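The residues making up each chain are set out below.
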Amino acid sequence: RVPRSHQEHIQVLRYGHTEKYSAHHDFFHPNNYKNDPGTMALIENGKKNRFATVLWYLSDVERGGHTIFPRAGGKAYPRDMNDCTKGLKVKPEMGKVLIFYSLQAN
């Protein structure tokens, strides 16, 4: 069981027409933040990090709005982080919950 102290506050996002997040990691790799004391303190030098993300879709979308995992199935790192045509696509449907892990157990 994960301690409650490791839980982040809930974030509610609403995307307008043409808005999106580009592909990104949902964790902070300590090697990438060695010179950022604020981030290193937040993740306690890598001991406390986001290992799972839960997305809960609050509405249906007529077109678009997919959550895309460009590296699903072991695919290579994408050349274009804005390319939404490749990877596993999850259609937003009201009430659907999507859980994915960002870190391995080790």
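None of these values were measured; they are calculated from a predicted model.

The rules behind the values
- Per chain, residue numbering runs from 1 following the sequence as it is written.
- Thresholds applied to this predicted model are a pLDDT of at least 70 for local features of residues and 80 or more for the giving and counting of side-chain atom pairs; totals over whole chains, interfaces and linings are not thresholded and use all residues.
- Values shown for side chains rest on all heavy atoms present in the structure; no hydrogens or waters enter the calculation.
- Strands are runs of DSSP state E lasting at least 2 residues, helices are runs of H or I lasting at least 4, and numbering of each runs from the N terminus.
- Throughout, exposure labels follow a simple rule: accessible area from a 1.4 Å probe, protein chains only, divided by the maximum for the residue type, with under 20% read as buried, over 50% as exposed, and the rest as partly exposed.
- The criterion used for residue contact is that any of the two residues' heavy atoms lie within 4.5 Å.
- By salt bridge we mean one thing: a side-chain nitrogen of Lys or Arg within 4 Å of a carboxyl oxygen of Asp or Glu.
- Between the rings of Phe, Tyr and Trp (Trp by its six-membered ring), a pair exists once the centres lie within 6.5 Å; its type follows the angle of the planes, with under 30 degrees stacked, over 60 edge-to-face, and the other angles tilted.

**Student:** Any details on the overall build of the chain? Residues and values, ideally.
**Tutor:** Tallying secondary structure elements over the chain gives one helix and four strands in all. Secondary structure of the chain in N-to-C order comes out as α-β-β-β-β. On the principal axes, the C-alpha backbone points of the chain span a range of 40 × 35 × 25 Å. Out of the 106 residues belonging to the chain, those deemed buried represent 16%. In the chain, of all internal contacts separated by at least 6 residues, the share reaching a separation of at least 24 is 62%.

**Student:** Residue-level account of the environment of Asp36, with values.
**Tutor:** Tracing the backbone shows Asp36 in the segment before α1 (37-42). Asp36 gets classed as partly exposed once you look at its relative accessible area, which sits at 31%. A sequence separation of 68 residues divides Asp36 from Gln104, and the C-alpha atoms of the two residues are 23 Å apart.

**Student:** A description of the pattern of salt bridges should follow, citing residues and the corresponding values.
**Tutor:** Once their charged atoms are close, side chains differing in charge can pair, the charge on each being opposite to the other. In this structure the tally under the stated criterion is four salt bridges. As a salt-bridge pair, Lys86 and Asp83 come within 3.3 Å of each other at their nearest N and O atoms. Judged by its relative accessible area of 26%, Asp83 falls in the partly exposed class. Residues participating in the shared-partner salt-bridge network are Glu8, Asp26 and Arg50.

**Student:** Outline the packing of aromatic side chains, supporting the account with residue identities and numerical values.
**Tutor:** Counting across every chain of the model gives four aromatic pairs. Judged by centre distance (5.4 Å) and plane angle (80°), the ring pair of Phe28 and Tyr33 falls under edge-to-face. The partly exposed category is assigned to Tyr33, whose relative accessible area is 26%. Ring centres of Phe51 and Tyr101 lie 6.4 Å apart, and the angle between their planes is 20°; this geometry places the pair in the stacked category. Of the two residues, Phe51 is situated in the loop between α1 and β1 (52-56) and Tyr101 in strand β4 (residues 97-101); the sequence distance between them amounts to 50 residues.

**Student:** Break down unusual backbone geometry for me, with residues and values.
**Tutor:** Residues other than glycine seldom take positive phi values, yet Thr18 does so here, at roughly 75°. Relative accessible area serves as the criterion here: at 69%, Thr18 is assigned to the exposed category. For Glu44, which is not a glycine, the phi torsion comes out positive at approximately 50°.

**Student:** An account of the environment of Met81 is requested, with residue identities and associated values reported.
**Tutor:** Tracing the backbone shows Met81 in the loop between β2 (67-69) and β3 (88-90). In the structure, Met81 is positioned eleven residues away from Pro92 in sequence and 20 Å away in space, judged by C-alpha atoms. If near-sequence neighbours (up to four positions away) are discounted, Met81 is found in contact with Ser22, Ala23 and His24.

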